[in-house]
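Tertiary structure, described
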Amino acid sequence: MAGLHVIYSEDELQKKIFTTECEQNTRFVQHRKRRRSLKFEELLSLTGYRIRFDECNHPSSVFPAIQYDGTPFVILNTEVYECHQGPQRAKHLKKRETAVDEDHSYLSSGKKRCYQTSKKRNCPAKIRVKRILKFPEYKIIGQPTARKKRQVSQQLKAEFSIQTRREPVTYVHIDSVDDHQYHLTGELAGFTQPIDKRVICQIKQLALEGHRNVSSVRILLKELAKELAPEAPENNRRFFPTNDDIRTHIYQTIVGSNLRSAQEDQANVRKLLETPGKFAEELKYLFRPASSDGEVINSLLLVIQTRFQQTLMAKYGAVTLMDATYKTTKYEIPLYNLCVQTNVGFFIVASFFLSADTTTCIAEALEVIKGWNPSWHPENFMCDFDMREIGALQSIFKDAPALLCDFHRITAWRKWLNSSDVPNKNDVLKQLQEIASAETELNYRCLLQKLKNSTTYKENEKLKNWFERKWLKEETRWAFCFRKDIFNIISTTNGIETQYKTLKHFYLKEFGIGKSLANVLEVLLDKFFPDSQLSYRRENIKSFEESRNYSPEVPAFLRNRPRKFMRHCLDRLPQM
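This write-up is about the structure you can find in this document. Computed from a predicted model, the values in this text were never measured in an experiment.

Observations concerning the overall build of the chain
What the chain contains, in helices and strands, is 19 helices and 14 strands. Taking all contacts inside the chain whose residues are at least 6 apart in sequence as the whole, residues at least 24 apart take part in 67%. Summed over its atoms, the accessible surface of the chain is roughly 32,700 Å², and 50% of this surface lies on carbon and sulfur atoms.

The following block contains the structure:
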């Protein structure tokens with residue numbers, strides 16, 4: 001492909017350059033252009049253009065020579081494409097390199113060290129392009145004399161118009177692969193190539209369509225690479241970008257290249273929530289960005305609830321779980337969720353983000369949710385032993401006790417005992433569990449007194465203070481005997497923990513990029529909540545008689561109910 005080529009269209013030129021790059025396993029970048037790019041049909045006047053019949057360039061010229069064939073022409077423009085590892089052209093980089101101490105050239109002005117300052121290696125390889133416009137109607141017949149050339153040139157300039165017939169021709173001179181010097185060539189050169197613009201566009205398009213996982217995007221890009229360059233090896237970064245390359249472009253697409261602060265992130269959140277028609281009919285939200293106006297400081301508050309979640313809350317909200325999860329965003333902002341147990345499992349029914357997780361802020365968010373759901377009348381709540389959460393719940397829902405999760409209670413007891421110097425840890429833990437499981441208040445008091453009379457309890461002031469000051473004064477929240485009369489009760493918040501596991505380890509891992517608040521909110525509203533709604537409907541519809549016939553052994557009152565519920569009841573029915 002090296003040497004001189006005559007081309008008659010712009011598409012053919014770009015294809016020739018691309019083919020050359022693939023064959024030589026390199027890239028060429030435009031360095032110099034004389035005259036602006038002008039389509040040949042847009043040329044309205046020859047003023048300023050010199051009419052030529054040939055051009056035998058000086059030996060030092062970098063552009064292809066044009067031999068005489070009798071047809072007059074004008075040169076539209078010339079271009080030079082250099083190897084991407086050619087001479088250093090950026091002036092600001094030159095100044096930076098000359099300012100660096102030669103003994104410490106690995107240092108840069110920023111925080112990071114710059115060990116390899118540039119990929120430029122002064123490679124002399126080039127592609128030279130000269131575009132001309134021929135006028136075949138004015139071709140000289142016979143011996144070309146200076147007089148004939150002058151007359152034809154004057155006539156062409158005088159008669160030139162938009163109707164004048166013209167033929168565009170492009171002369172391209174391509175250096176051979178042997179002209180590349182001072183850098184890697186052949187197969188190894190593929191590691192240093194920049195990514196193709198078409199591959200970058202494909203990554204961005206896939207990211208906008210919801211493909212946020214690097215592995216899945218990489219698989220889809222292989223199909224594009226086969227179309228662009230079927231013979232390109234997989235070590236060619238131009239068509240096979242690295243995982244870091246893919247991750248960077250996905251991040252820039254989703255988060256935005258100009259997102260640099262929490263303030264801009266909040267603007268993106270508002271823009272997402274106020275997008276016309278996106279969530280208007282299905283979503284209730286309250287967004288108060290963090291701000292500071294003199295002495296008044298407002299903390300961030302974002303409360304969201306879909307219409308479907310409102311339906312579940314009204315139907316199953318007698319017992320509501322509340323818990324917070326952290327590290328969903330790059331900020332120290334917890335995500336609080338209210339969760340209910342439905343006939344097919346646990347589902348989140350309301351969520352809110354807080355920049356200040358105080359009792360007052362939690363209560364403010366709960367008050368908003370309560371106002372949105374007038375038909376929601378919770379009988380009790382289940383939460384962790386966090387007095388901020390308990391205080392907020394009890395201030396808003398005075399008639400609904402906030403109970404403690406059994407699993408987290410036992411975990412907290414075991415963790416404290418293992419970290420303390422209390423002797424007979426296992427015996428103390430066993431006694432505490434017996435106290436918590438006592439079925440009557442009388443039995444509870446007896447077991448409690450037994451613990452207090454034990455030698456370990458009397459001789460360990462640390463154990464005594466920990467149990468009496470933290471746990472004993474909240475006994476009605478965790479002891480079974482004080483809540484055994486509650487008909488509808490859930491003893492653990494593990495159901496909401498399962499929801500968090502799914503959210504973090506699948507949805508945020510698959511679709512979350514950058515951990516910005518706007519991105520996490522988009523994942524919740526576009527992916528997680530719609531999929532939860534679909535799952536609930538699917539599991540209920542599968543249990544309809546119209547979907548599948550029931551066995552005769554299933555009683556009529558258990559039909560059209562979810563499979564887990566039906567199995568639970570059948571296992572406990574007496575055998576006939």
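Overview of the pattern of salt bridges
Counting across every chain of the model gives 19 salt bridges. Taking the shortest distance from any N to any O, the salt bridge between Arg198 and Asp196 comes out at 3.0 Å. Since its relative accessible area comes to 4%, Asp196 is described here as buried. Measuring nitrogen to oxygen at the nearest pair gives 3.4 Å for the salt bridge that ties Arg270 to Glu274. Assessed through its relative accessible area of 34%, Arg270 is described here as partly exposed. Salt bridges sharing partners connect three or more residues here, namely Glu21, Asp196, Arg198 and Arg238.

Points about the environment of Leu517
Mapped onto the secondary structure, Leu517 falls in helix α18 (residues 517–541). Residue Leu517 is classed as buried on the basis of its relative accessible area of 2%. Counting along the chain gives 186 residues from Leu517 to Tyr331, while the straight-line C-alpha distance between them is 8.1 Å. With residues up to four places along the chain from it excluded, the contact list for Leu517 reads Asp265, Val269, Leu300, Thr329, Tyr331 and Phe353.

Focus on the packing of aromatic side chains
Aromatic rings in a pair are described by how distant their centres are and how their planes are angled relative to each other. Taken as a whole, this structure holds 21 aromatic pairs when the rule is applied. Between the aromatic rings of Phe467 and Trp478, the centroid separation amounts to 6.4 Å while the plane-to-plane angle is 65°, which identifies the pairing as edge-to-face. Note that Phe467 is positioned in helix α15 (residues 461–471) and Trp478 in helix α16 (residues 475–478), a separation of eleven residues in sequence. Exposure class is identical for Phe467 and Trp478. Each is buried. Ring pairing ties together the aromatic residues Phe385, Trp413, Trp416, Tyr444, Trp466, Phe467, Trp471, Trp478 and Phe482, which thus form one cluster. Arg409 extends its terminal NZ or CZ atom over the ring of Trp413, reaching a point 4.7 Å from the ring centre. Between Lys470 and the ring centre of Phe385, over which it is positioned, the NZ or CZ distance is 5.7 Å.

Analysis parameters
Residues numbered from 1 in each chain as written. Predicted model: local features only at pLDDT ≥ 70, side-chain atom pairs only at ≥ 80, totals over all residues. Heavy atoms only, no water. Helix = DSSP H or I, 4+ residues; strand = E, 2+ residues; numbered from the N terminus. Contact = heavy atoms within 4.5 Å. Areas by Shrake-Rupley, 256 points an atom, 1.4 Å probe, with all protein chains shown as cover. Salt bridge = Lys/Arg side-chain N within 4 Å of Asp/Glu carboxyl O. Buried < 20%, exposed > 50% of the residue type's maximum accessible area, 1.4 Å probe, protein only. Phe/Tyr/Trp six-rings, centres within 6.5 Å; stacked < 30°, edge-to-face > 60°. Lys NZ or Arg CZ within 6 Å of the ring centre and 35° of its normal.

So far we have only geometry, and geometry alone does not tell us how the molecule works.
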